[in-house]
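Descriptive structure summary
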Amino acid sequence: MGVLRAAVLVAGALTSACATDAGFDVLIRGGRLLDGSGNPWRRVDIGVEADRIVAVGDLGDDPDAARAALVIDASGLIVTPGFIDVHSHAAAALATAELSDARPLLMQGITTVVVNPDGSGPTDLPAQRRALLADGLGVNVALMVPHAGVRQAVLGMEDRAPNAEELRAMEELVRSGMEEGAFGLSSGPFYAPGSFATTEELIALARVAAAAGGVYSSHIRDEADYSVGVIAAVEEVIRIAEEADLPGVVTHVKVLGPRVWGLSRTIVELVERARARGVEVYADQYPYEASGTGIVGALVPRWAQEGGHPALLARLREAEQRARIRAEVVDNLDRRGGADRLLFARYPADPSIEGRTLSAIAEERGAHPADLALDLLGGGDAGLISFNMTEDDIAVFMRRPWTMTASDGGLTAPGEGHPHPRWYGTFPRKIRRYALEDGVVGLEDAVRSMTSLSAGVFGMADRGVVRSGAIADLVIFDLERIRDAATYEDPHRLAEGVEWVLVGGEVAVAGGEPTGRLAGRVLSR
């Protein structure tokens, strides 16, 4: 009933919600507040003026409440800080007029995304900022300096260490990005060209980010047993965090493939031993058993990628080189549990294969899966959904108080491609399945992992909490209805149960429907 009443009010009040001379711009009445701290819910009213929360408590006798421009009756609903997605690939889409409203993100309750993950993204952050703001933003965006982008700008796709002059040039790019307000350095030493970097190179660049108060977030060098192994890869993040003296994040933490299942407990022990001696290490995670990457990332050896995609295709045209690459692709297929665990997500050169497995397409075409995968590279890389985690390992990581929530998702037009369902459902899925149904974590802890923990790790002042003086990024959802609707078979389905979203005090979702308000900002640390 509260939602219906507020939906009636909102039609006339949205235009005046930030223009009143007296009283709250928005008053949220009687919601069950989970304030982001991990504490149990308490019933409160919340008063918002402009972009700030100005009052939290029983506001029944407050004269400003009586003059509120917009009243939202949140009786029976949960109120939380806006969710923060600390690993998002949505930047390019958000910089387009078509997708800048961020509808699939808002309907999950996401109000802030951290972009340029895995070391990918542009090094010209002022230009990226301008592009993001050109058509307005539905959500807030925090930028990272991408290591692979930095390395490629200086060294291209060369597999070698930088000389002293080149390293100084890379350090200057990181410094410039941090001065432009970036929140830290992201890396992806699993992928080329990040994989060509030594640990010492990453430490040197992380020190530059640390000097500006930044974070180091890494798609670790190995999540399975491709090269150094997942244990050594986590140890590398710990070493970088320790020697560069900054927070380190093992991003989208997992143990990938049957060969390493069960090593989650060893990784937890590593992180907790490091934290016990004073190293600030965290992780983030998406609540799915499948990861997402491409044929190149999942199957092609890194040595074959030196020089970029044209050089890779040239090697594939040479019989001896192709045979060597193919042998490693066969091994990598086994590493990921077989071709039937790889689902095509996006392949513009032949969209008919999207939503189908590599094994099914290979059988249909009478080809070995390794040969088919390599042949497809002629049309560009193909996005893959890779079913390679266990629920036990997911739960082990999720229960840790240092694990944040992240989507590793992007943003696309409805019906375009066959994306991983995490693009549409990550945050409601964690609440519905892992907190409410399976009890892997408590509801309070799930919300904390999406809000105050993330804001604290990334240094987002006045976000991720509900208190007087904080930014009014807020989510109101129905605990009975919140759920992810997107599936692997039908991924373009908006999440359900999020009734209201405020971004910087402006109503972005009202009564379960996006308002079209573009109140997001590009944040600076």
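Here the structure is shown first, and the text comes after it.
Residues numbered from 1 in each chain as written. Predicted model: local features only at pLDDT ≥ 70, side-chain atom pairs only at ≥ 80, totals over all residues. Heavy atoms only, no water.

1. Here's the deal with the overall build of the protein
- Within the protein one finds 19 helices and 22 strands.
- At 23 Å, the protein has a C-alpha radius of gyration in line with the 24 Å of a compact globule built from 525 residues.
- The proportion of buried residues among the 525 residues of the protein is 60%.
- Considering only contacts in the protein between residues 6 or more positions apart, those separated by 24 or more positions represent 76%.
- About 18600 Å² of surface is accessible on the protein, with carbon and sulfur atoms providing 48% of the total.
- Counting 51 positive and 74 negative side-chain charges, the protein places the averaged centre of each group 1 Å from the other. (Helix = DSSP H or I, 4+ residues; strand = E, 2+ residues; numbered from the N terminus. Rg over C-alpha atoms; globule rule 2.2 N^0.38 Å. Buried < 20%, exposed > 50% of the residue type's maximum accessible area, 1.4 Å probe, protein only. Contact = heavy atoms within 4.5 Å. Areas by Shrake-Rupley, 256 points an atom, 1.4 Å probe, with all protein chains shown as cover. Lys, Arg positive; Asp, Glu negative; His and termini not counted. Charge placed at Lys NZ, Arg CZ, Asp CG, Glu CD.)

2. Section: the sheet that holds strand β6 (residues 83-85)
- One open sheet holds the four strands; their spatial order is β6-β7-β8-β22, and the pairing between them is parallel. The outermost strands of the open sheet, each flanked by one partner alone, are β6 and β22 (522-523).
- Pairing of β6 with strand β7 (residues 110-115) involves three bridges; the strand directions are parallel. Residue pairing across strands places I84 opposite T112, the latter belonging to β7. (Pairing = 2+ DSSP bridges.)

3. Focus: helix α15 (residues 369-376)
- Extensive coverage of α15 is indicated by the burial of six of its eight residues.
- Residues of α15 that are buried include every one of P369, A370, L372, A373, L374 and L376, and no others.

4. Overview of the pairing of β7
- Where burial is concerned, most of β7 is hidden: six out of the six residues are buried.
- Of the strand pairs in this sheet, β7 and strand β8 (residues 140-143) are connected by four bridges, and their pairing is parallel. Among the inter-strand pairings, V113 is bridged to a residue of β8, identified as V141.
- Regarding the hand of the β-α-β motif, the stretch spanning β7, helix α5 (residues 125-133) and β8 is right-handed. (Right-handed = clockwise from strand over helix to strand, strands pointing away.)

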